[in-house]
Amino acid sequence: SASDSFIEALPKAELHVHLEGTLEPALKIVLARRNGHAIQSMTEDDIRAGYVFDDLPSFLALYYEGVELLQTEQDFYDLCYAYLKKVASQNVLYTEMFFDPQLHTRRGIAFETVIKGISRARADAQRDFGIRSQLIMCFIREMSAESADETFTQALPYLSEIIGVGLDSDEKGNPPAKFAHVFRRAREAGLHVTMHCDIDQQNTHEHIRQALEDVGSERLDHGLNVLEKPELLQQARERHIPFTVCPFPNMAIRPGSNEKDIRALLDAGLTITINSDDPGYMQSVYMNEAMKMARDGAALTPEELVTISRNAFNAAWIGAEERRAYL
Ligand code: HPA
Ligand code: ZN
């Protein structure tokens with residue numbers, strides 16, 4: 001297997017991280033004091049002790065509670081800058097970050113507040129740490145298709161700052177096809193498309209099929225259930241669909257997954273990347289720690305980790321010149 005120092009020194013790209021999920025307990029306390037919220041009297045350990053989940057809904061309940069602490073442009077700046085500073089220190093050269101504007105606009109925070117804070121942090125972090133980042137706007141799948149469409153309309157003045165669209169949150173009863181219209185608008189506007197097909201969700205195989213065949217998803221976020229359907233697996237392999245695999249939620253939601261599934265994905269000839277997902281809620285497992293979890297589970301060799309890292313740079317939504325500079 002690869003050593004810790006090999007993983008730490010490896011140039012890395014991240015393709016699956018939710019900005020709101022990078023909110024660390026320490027920053028929660030800062031924001032709570034700043035904005036006058038009750039959790040300001042809690043310690044970081046108190047907050048962490050509440051981070052118990054074993055499926056997607058129980059995770060989302062924690063995530064939605066934390067989102068409430070983000071109020072001002074400066075809050076979004078601090079969130080994004082802290083994540084970029086942290087992963088730059090781990091030799092992450094490039095990251096594509098999901099954000100969930102509807103979780104903010106539905107509680108009265110302007111789209112502009114969210115994106116301006118994030119954009120300023122991206123620029124400052126590139127200046128201060130050299131890290132390159134782009135944004136993927138996710139739609140909240142338990143909210144309506146109309147709400148997703150309204151959100152896309154709100155984003156129109158900022159499309160130059162958004163490289164793609166995604167789909168996240170509660171998958172049950174919310175298939176990709178529900179959002180066919182807004183994904184078509186996004187594609188016609190020249191944006192890339194990805195979506196979550198979370199682990200072991202209801203109708204997961206039909207959701208994966210719709211993502212690949214009906215709504216133009218270029219990647220699959222998680223997507224592990226492809227392993228159970230030979231025809232989906234063959235399609236994903238032939239189209240070189242990148243899978244954004246996240247070892248921490250794998251472990252939490254499907255114990256044994258890193259031992260079995262990562263090796264199975266590689267053996268099936270699929271293109272995988274390793275990512276953190278929501279490190280603020282996942283024991284601060286950022287890129288280095290996520291790669292070590294994958295290594296420990298699947299006994300990944302240095303050569304395999306180089307391939308996985310190159311997969312991420314190859315799957316990144318960047319131009320040929322920038323890609324050459326990384327590879
Ligand atoms: N899956 C679905 N929704 C999410 C996730 C995830 O991993 N993280 C934040 N919202
Ligand atoms: Zn995710």
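The structure this text deals with has already been given above.
What you see is a predicted model, and the numbers here were worked out from it, not measured in a lab.

Each value, and the rule that gives it
- Residues numbered from 1 in each chain as written.
- Chains lettered and ligands numbered in written order.
- Predicted model: local features only at pLDDT ≥ 70, side-chain atom pairs only at ≥ 80, totals over all residues.
- Heavy atoms only, no water.
- Helix = DSSP H or I, 4+ residues; strand = E, 2+ residues; numbered from the N terminus.
- Rg over C-alpha atoms; globule rule 2.2 N^0.38 Å.
- Buried < 20%, exposed > 50% of the residue type's maximum accessible area, 1.4 Å probe, protein only.
- Contact = heavy atoms within 4.5 Å.
- Areas by Shrake-Rupley, 256 points an atom, 1.4 Å probe, with all protein chains shown as cover.
- Core = buried A, V, L, I, M, F, W, Y, C linked by side-chain atoms within 4.5 Å.
- Axes fitted to C-alpha atoms, helices over the stretch in contact; angles between N-to-C directions.
- Parallel < 35°, antiparallel > 145°, perpendicular 65-115°, else oblique.
- Left-handed = near helix turned anticlockwise from the far one by under 90°.
- Nonpolar A, V, L, I, M, F, W, Y, C, P; charged D, E, K, R; others polar.
- Expected span 1.5 Å × (residues − 1).

Draft legend 1. View of the overall build of the protein chain. When helices and strands are counted, the protein chain shows 16 helices and eight strands. The C-alpha atoms of the protein chain give 18 Å as radius of gyration, which agrees with the globular expectation for 327 residues (20 Å, within 12%). Projected onto its principal axes, the C-alpha positions of the protein chain cover 50 × 45 × 40 Å. A buried classification covers 58% of the 327 residues belonging to the protein chain. Nonlocal contacts in the protein chain, meaning residues at least 24 apart in sequence, comprise 78% of its contacts between residues at least 6 apart. Approximately 12500 Å² of the protein chain is accessible, and the part contributed by carbon and sulfur atoms is 50%.

Draft legend 2. Seen up close, the side chain of Gln235. Looking at the secondary structure, you find Gln235 in helix 11 (residues 230-238). In this structure Gln235 comes out as buried when scored by relative accessible area, which is 17%. Setting aside residues up to four positions removed in sequence, Gln235 forms contacts with Leu212 and Glu213.

Draft legend 3. Highlighting the nonpolar core. Formed by 99 residues in total, the largest nonpolar core has its most connected members in Phe99, Met137, Phe139, Phe152, Val165 and Phe243. Ranked by the residues each element gives to this core, the list is headed by helix 5 (residues 73-88), at eight residues.

Draft legend 4. Spatial organisation of the packing of helix 8 (residues 145-155) against helix 9 (residues 180-188). Close contact between helix 8 and helix 9 brings their axes to 8 Å; oriented N to C, the two are set at 20 degrees. When the axis of helix 8 is compared with that of helix 9, the two are roughly parallel. By crossing handedness, the relation of helix 8 to helix 9 is classed as left-handed. Along its contact with helix 8, which presents Ala148, Asp149, Phe152 and Thr153, the element helix 9 presents His181, Val182, Arg185 and Ala186. Residue classes in the contact of helix 8 with helix 9 are distributed as four nonpolar, two polar and two charged.

Draft legend 5. The arrangement of helix 5 in detail. With 16 residues, helix 5 extends 22 Å from end C-alpha to end C-alpha; this agrees with the ideal 22 Å at 1.5 Å per step. Buried within helix 5 we find Asp75, Phe76, Tyr77, Asp78, Leu79, Cys80, Tyr81, Tyr83, Leu84 and Val87.

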